[in-house]
Amino acid sequence: MKQLDGARVLLTGASGRIGTVAVPHLRKAGAHVTTLSIQENPDLEADRVLIGDTRSQEDVAAALEGADLVVHLAALAHRDIAPPYDVYSTNVVSTFNVLAQAGAAGISRAVVAGSINAYGLPMNRHEVVPAYFPLDTDIPVDIADWYSLSKHHGESTARMAWRQWGIDVVTLRFPHVHNEKALLAQSREHAGDPRAGLREAWSYLHTADAARAIELSLTANTTGAHAFFLAANRTNAPYRTEDLLDAFAPDTPRLRRFVEREVPVDLTPARELIGFEAHHEIPVTTLDLPAAFR
Ligand SMILES: NC(=O)c1ccc[n+]([C@@H]2O[C@H](COP(=O)([O-])OP(=O)(O)OC[C@H]3O[C@@H](n4cnc5c(N)ncnc54)[C@H](O)[C@@H]3O)[C@@H](O)[C@H]2O)c1
C-alpha cells in the first residue's frame, strides 16, 4: 500500500454525486487534487479547478499537466440522461481520451468509475435474470442499452491502455451509489417491490464508501487492469437474501448460500485487490418476506 500524501491527482467529473464527496476525501488523505468539470461548481474546493470537456484532447492534456494519478468519473451517468448517441459517445470517448493520454504521458495509475451495468442486466428491457448468484465478473453479459455498453467498453479500453502503455487501471463496478437518505428511500421501494432490485442483486454503496474505494484503488499495489464489483455487505431490501432468491429467481443457480441479508455479489476481488470493505450500512431491520411475494 502506497501513500497518497503529496500525490497530484486529476479527478474528472468532480461536480457529480461521487466526485463532490471524493474530492474532499482525497484532499484529506493528503492528495493535491486538480478537478476537471464540464460546468462550474462554486462549492468545489480543489487545489486546481479546471472547466473542460473530457472528450476534448486539449482540455484533458492541460488537466493532466503535472498529474501523478488519475481518477476518471466524468460520464453521462444514465441511459436516459441524453440521446443514446450522446451517452455512448461521451462515455467511451472520454474514457479512451483520459486513459490514452494518461498512459502516453507515463502516468502510472488510474481509477475509473465503471458500473454494475457493465454486465447489462439492470437496464435490460427484456425479462432476463442473472445466470447465477452471486454476481461476479465472469457472469454472462446481456447488454440491451447504450449506457451499459459504454461501461462494458470502458473496461476493454482500460485493458487496452494497460497493454499499450503499462498504466495500471482499477475499474470500480459501482452499484447504486448515494447518500443515506436516498439509499433508505430505495430500500423502502424494494420493501414494497422487491423484484425491482433483483438484477442489481439489491446492492448499494454509500458515497463515502465510494470515495474510500477510490482512495484504496489509487494506493493499492495491484498491477494490470482490473474491474470488479463493490457493494455494502448487506442488501438494501429488508428481507433475507435466500427468501428473495426463492421468490424471484427460483430457477437461478446459487453458487453458495447467503446468510441473512448478505448481498449476493462476489466481493472477494474488492477485498483482495484493494482491501475494500464497506463501512457505511443503511439501518434496515430484517423482516420476513410477506406471503404475498412467496
Ligand atoms: N452514482 C451511481 O449510482 C453510479 C453507479 C454506477 C456507476 N456510476 C458512475 O460513476 C461516475 C460518477 O457518477 P455520479 O453519480 O457522480 O454521476 P453524476 O452525473 O452526478 O456526475 C458525473 C459528472 O460528469 C460530468 N460530465 C459529463 N460529461 C462530461 C464531459 N464530457 N466532460 C467533463 N465532465 C462531464 C457531469 O457534468 C457530472 O458532473 C460515472 O461514471 C457513473 O457512470 C455511478
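Residues numbered from 1 in each chain as written. Predicted model: local features only at pLDDT ≥ 70, side-chain atom pairs only at ≥ 80, totals over all residues. Heavy atoms only, no water.

### Observations concerning the packing of helix α2 (residues 57-64) against helix α3 (residues 84-104)
Thinking step 1. Contact geometry of α2 with α3 gives a least axis separation of 10 Å together with a crossing angle of 45 degrees. For the element pair α2 / α3, the angle class is oblique. Considering how the two elements wind past one another, α2 and α3 form a crossing that is right-handed. Listed contacts from α3 to Gln57, Val60, Ala61 and Leu64 of α2 are Asn97, Val98, Gln101 and Ala102.
Thinking step 2. Residue classes in the contact of α2 with α3 are distributed as five nonpolar, three polar and no charged. (Axes fitted to C-alpha atoms, helices over the stretch in contact; angles between N-to-C directions. Helix = DSSP H or I, 4+ residues; strand = E, 2+ residues; numbered from the N terminus. Parallel < 35°, antiparallel > 145°, perpendicular 65-115°, else oblique. Left-handed = near helix turned anticlockwise from the far one by under 90°. Contact = heavy atoms within 4.5 Å. Nonpolar A, V, L, I, M, F, W, Y, C, P; charged D, E, K, R; others polar.)

### Description of the UniProt feature "domain: NAD-dependent epimerase/dehydratase" (unreviewed entry) in the protein
Thinking step 1. UniProt feature "domain: NAD-dependent epimerase/dehydratase" (unreviewed entry): in the numbering of this structure it lies at residues 9-221.
Thinking step 2. The span residues 9-221 carries 40% helix and 18% strand; its end-to-end C-alpha distance comes to 17 Å. (UniProt positions renumbered as here; feature names shortened; annotations may be inferred.)

### A look at the packing of α3 against helix α4 (residues 146-165)
Thinking step 1. Where α3 contacts α4, the axes come no closer than 9 Å and their chain directions differ by 15 degrees. Regarding the angle of α3 to α4, the classification is roughly parallel. Crossing handedness for the pair α3 and α4: right-handed. Contact residues: α3 offers Pro84, Val87, Tyr88, Asn91, Val92, Thr95, Phe96, Leu99, Ala100, Gly103 and Ala104, while α4 offers Trp146, Tyr147, Leu149, Ser150, His153, Gly154, Thr157, Ala158, Met160, Ala161 and Trp165.
Thinking step 2. Each residue belonging to the contact of α3 with α4 can be placed in one class, and the counts come to 15 nonpolar, seven polar and no charged.

### Comments concerning the packing of aromatic side chains
Thinking step 1. What the rule picks out here adds up to three aromatic pairs.
Thinking step 2. When the ring of tyrosine 239 is compared with that of phenylalanine 293, the centres are 6.4 Å apart and the planes differ by 55 degrees; the resulting orientation is tilted. Here the residue tyrosine 239 occupies a position in the loop between β9 (225-229) and α7 (241-248), and phenylalanine 293 occupies one in the segment after α8 (268-274), the gap between them amounting to 54 residues.
Thinking step 3. A relative accessible area of 4% places tyrosine 239 in the buried class. (Phe/Tyr/Trp six-rings, centres within 6.5 Å; stacked < 30°, edge-to-face > 60°. Buried < 20%, exposed > 50% of the residue type's maximum accessible area, 1.4 Å probe, protein only.)

### Section: unusual backbone geometry
Thinking step 1. Of note, the bond from phenylalanine 133 into proline 134 is cis; its omega dihedral lies within 30 degrees of zero at 0 degrees.
Thinking step 2. With respect to the element layout, proline 134 can be found in the loop between β5 (109-115) and α4.
Thinking step 3. With a phi angle near 55 degrees, alanine 201 is a residue other than glycine that sits in the positive phi range.
Thinking step 4. Secondary-structure assignment places alanine 201 in the loop between α5 (180-192) and β8 (204-206).
Thinking step 5. A relative accessible area of 0% means that alanine 201 is categorised as buried.
Thinking step 6. Its identity is not glycine, yet glutamate 260 carries a phi of approximately 50 degrees, on the positive side.
Thinking step 7. Relative to the helices and strands, glutamate 260 is located in the loop between α7 and α8.
Thinking step 8. For glutamate 260, a relative accessible area of 42% puts it in the partly exposed group.

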